[in-house]
Each structure stands twice: as structure tokens, then as C-alpha cells.
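Overview (structure and organization)
Now for the letters of each chain:
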Amino acid sequence: MMHVANLDENRDPLLIAEAWMKDGKDVAVATVMETWGSAPRPVGSHLVIDTEGNFEGSVSGGCVEGAVVAEAMDVLDSGKATMLEFGVADETAWEVGLSCGGRIKVYVERLG
Amino acid sequence: MDPHSLKKLNAEREARRAAVLVTNLDDGRDRVICEGDEVAGALGQAVAAGLRSGRSGLVEADGTQFFLNVHLPPPRLVVIGAVHISQALTPMAKIAGFDVEIIDPRTAFATPERFPDVPLLAEWPQDVLEKHPFDPYTAVAALTHDPKIDDPALVSALQTGCFYVGALGSRKTHAKRLDRLTAAGLSEDMLARIHAPIGVDIGAASPAEIAVAVLAEIIAAFRRRGLADKREGKAA
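Report follows, based on the coordinates. (Residues numbered from 1 in each chain as written. Chains lettered and ligands numbered in written order. Predicted model: local features only at pLDDT ≥ 70, side-chain atom pairs only at ≥ 80, totals over all residues. Heavy atoms only, no water.)

A look at the overall build of chain A
Where we set the bar: The helix count covers DSSP runs of H or I at least four residues long, the strand count covers runs of E at least two residues long, and both are numbered beginning at the N terminus. Burial classes: relative accessible area under 20% of the type maximum marks a residue as buried, over 50% as exposed, and values in between as partly exposed (1.4 Å probe, protein chains only). Contacts are assigned to residue pairs with any non-hydrogen atoms lying within 4.5 Å of each other. Residue exposure ignores everything except the shown protein chains as possible cover, and the areas themselves are Shrake-Rupley values with a 1.4 Å probe.
Regarding its fold elements, chain A presents 2 helices and 5 strands. Moving toward the C terminus, one meets the helices and strands of chain A in the order α-β-β-β-α-β-β. Each of the 112 residues in chain A was classed as buried or not, and the buried ones make up 44%. For chain A, contacts bridging at least 24 residues in sequence account for 49% of all contacts bridging at least 6. Surface exposure of chain A reaches about 5,500 Å², of which carbon and sulfur atoms provide 45%.

Following this line, the structure appears as C-alpha cells:
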């Protein structure tokens, strides 16, 4: 219909990833694959990251994006996808956590 | 993620078509499955369930773990008629998550004062639709009581396969409508898709109550909509 801008090309992470790819950039895509408790972003949400650490989208309310971006640098280097898990009670490898008390699983992969 | 998958997924999303990105977490490979594509086995069932519910998630199929990211177009409601019922239906439908638009060529009805915060097209439906056609994720509620305005929208909605098509009017009014639309060449099967008299039967009396009945019927149609019947299957 008249006003339909179906997707917002300035905010939609998957459109941004495609645009970055067309610009010749290497891009990592992070996806929320599982949530428990009060996770701020639903399953399927994306954060996309380029090699300079620019990112768009979100996988949490901002609590773990920094850690995901850091991990994305390794994924871009190696090309190997990885599954990250964040949670407030999680005492394993991750220092960052979700203050809301939820837990999330985030898959990080390279585009191409 | 395969760049081809990303391009295909974005193209489907921009065209307002449902699609699922399926990622095999054992080998990292992915592919895009469009609504209407045939997928066999447990994975196919999970994809079909995802398309119905709109929910993404991890699934186990044939000993392999997959992630299904389901992308449904946001449902849209086009109301034909800037009438009293529409004044109640518009805010309710927006709260329920629909993009709402109103078409009514009668400029006395279609005023921003009566309909703040909603796209209002004071044009004939056929003129609007020529530029911006309906799609299967659109619900159409024809509420003007005027065949000159309602009928062209109903014909287009039925031919497009809109997930909901409803028309206001008594049984008698609807019988006359069916005669006109049959004469216009629409099949019996197509005409059977029109919800008329409009709305779930809750004994609605006031315009606001009718709006509740209509919105309930639209939501039921959206959540139970048939799959794969309006699109040609193509290989993923």
C-alpha cells in the first residue's frame, strides 16, 4: 500500500549485512537461538558486525553486545561458527551477563 | 551464512512473502525455504509449524540439530470505509499488531480528524490497488455498505488470496452481493471465502463491539491460515 516501506534499510540488520557485503566487507552475523527466563530480545534476533567492529541490530538489551562483537572478530578471522551462552548465573567463560536474570544462546557465524 | 541465502531471504522479506532460514548446526550450512516449498520429513513438519506460528527456534530432525528462523511479513489490515466501526477497529487492530490502512473515496468520511494516526486514502479502491495491490498477508474488511466501493476491493482481495476477506451487511445484502460477484465471474469457491455477515458471532451491537467481533475473526483467520495453497512450490 501507499506508505509501505516494508523493511527499514537503515535499521534492518539483515539488509545492512547485505549492503556491507556488496561493499566488499567481511561480515559476521550473530543470532539469538535460544532464550530462558526474561530475555530482552526474542529468538531469531540478529546483530551484524563488520571487521572494524561496527555493528547493527541487537541480541540483548545491550548487556552482551560487546562480548559478541569481540567474539565475532575471531569468527571473521577463522571462518568457524561458534555458539555463545550468556546468563547471569553463568560462571563459565563469560564475565558479562544479563542483569535481567535471563539466559541466551547466541550463534555467531561468518557471512560467506 | 551463505550470501545467496541472505540475498534470497532479504528478497522474500521485501516482497512481503513468508520464508524460513534453516541452519544446520552440525555443518553450519543454511538454506531458505519459502512458504509453499515442499520439505519432507520431520524438518518439513517443523518448518510448516514455524510458518503457522511465526515462532523461530531450535529443532531436532533426523539426528541433526537445526535452527529455524521464521520470517513472516507483518500482517496488514486494509479497511474499506472510513465509517463508525472503522474508528473503533483501527486502534484495536493497531494494538493487536496490524499495520492498518483505510480506503474511502468519500472525502466527507475520510478525514484526518476522524482518523488520526492512520494512513487514510481518499480514493477509489481500484485506483489505490492499481498502484499498491493487496498481498496474502493482508486482511480486507469491506465496511461501506456501498457496492460501488466495496465490490472492487472484495474482487481484488479474493483474487489475491488475502488471508481474510470480510464484508459488512445482512444475509439479504450478502445474497445480492454474491449475485453481483458471480456475474462478475468469481467462482463459488472464491465467494465462499468471504466472511459475511462479518465478525465472530458474539451478539455485537455497537460499532465498537462489531469491531471486536471483526478483529477476532481476522486474528483467527491469520493464525489458522492455509499454507501452500496460494503459491506455486519452488525448490529451495
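Considering the environment of B:Arg223
Residue and element names in this part refer to chain B. Turning to its location among the elements, Arg223 is positioned in helix α8 (residues 207-223). Looking at Arg223, the relative accessible area reads 45%, which means it is partly exposed. Separated by 30 residues in the primary sequence, Arg223 and Arg193 have C-alpha atoms spaced 16 Å apart. Contacts of Arg223, omitting those with residues within four sequence positions, involve Arg52 and Ser53.

Re the interface of chain B and chain A
To be explicit about the condition: Computed with a 1.4 Å rolling probe, the buried area is the accessible surface lost when two parts are put together, summed over both parts. Should a side-chain nitrogen of Lys or Arg be within 4 Å of a carboxyl oxygen of Asp or Glu, the pair is scored as a salt bridge. Definition of a polar contact: a pair of N or O atoms within 3.5 Å, with one able to donate and the other able to accept a hydrogen when the atoms are protein atoms, and with sequence-neighbouring residues admitted only if both atoms are side-chain atoms. Residues were grouped as follows: Ala, Val, Leu, Ile, Met, Phe, Trp, Tyr, Cys and Pro as nonpolar; Asp, Glu, Lys and Arg as charged; and all remaining residues, including Gly, as polar.
Contact with chain B, which involves 31 residues of that partner, is made by 26 residues of chain A. When the two sides are added together, the surface that chain B and chain A hide from each other amounts to roughly 2,300 Å², 67% of it contributed by carbon and sulfur. Area buried by chain B at its contact with chain A is led by B:Met1, B:Leu6 and B:Arg13, which between them contribute 26% of it. Here chain B and chain A share 1 salt bridge between them. Note that B:Arg13 is salt-bridged to A:Asp12, the shortest N-O span being 2.4 Å. Connecting chain B to chain A are 8 residue pairs in polar contact (both at pLDDT 80 or more). Mapped onto the side of chain B that touches chain A, the elements with two or more residues apiece are α1 (3-14), β3 (57-61), β4 (64-71), β5 (76-80) and β6 (99-103) of chain B. Looking at the side of chain B that touches chain A element by element, the count peaks at 7 residues for α1(B). Broken down by class, the residue content of the side of chain B that touches chain A amounts to 15 nonpolar, 8 polar and 8 charged.

Focus: empty space enclosed by the protein
Rules: Method remark: on a 1 Å grid restricted to protein atoms, a set of points is classed as a cavity if a 1.4 Å probe fits but cannot get out and as a pocket if it is open with protein on both sides within 12 Å along at least five of seven lines; lining residues have an atom within 4 Å of a point. Grid points are joined across faces, edges and corners, and a volume is the space filled by probe spheres set on the points.
One pass over the structure, following the stated rule, counts 1 cavity of 30 Å³ or more. Of the voids in this model, the largest cavity is the one considered here, and its volume is about 30 Å³. Around the largest cavity, the lining residues are A:Thr31, A:Met33, A:His46, A:Glu109, B:Met1, B:Leu21, B:Thr23, B:Phe67 and B:Asn69. Elements with a contribution of two residues or more to the lining of the largest cavity: β1 (27-36) of chain A together with β1 (19-24) and β4 of chain B. Taken together, the residues of the lining of the largest cavity break down into 4 nonpolar, 4 polar and 1 charged.

Description of the side chain of B:Arg177
All names here are of chain B. Definition in use: Under this rule, positive means Lys or Arg and negative means Asp or Glu; His and the chain ends count for nothing.
Looking at the element boundaries, Arg177 is found in helix α6 (residues 171-183). Despite being buried, Arg177 has no salt bridge partner; Asp150 is the closest side chain of opposite charge, sitting 4.5 Å away. Discounting chain neighbours no more than four positions away, the residues touching Arg177 are Asp151, Leu154, Ala167, Leu168 and Ala196.

Notes on the side chain of B:Arg76
Residues and elements named next belong to chain B. Mapped onto the elements, Arg76 comes out in strand β5. With a relative accessible area of 3%, Arg76 lands in the buried category. Side chain to side chain, Arg76 and Asp135 meet in a polar contact 3.1 Å long. A distance of 3.3 Å separates polar atoms of two side chains, one belonging to Arg76 and the other to Thr138.

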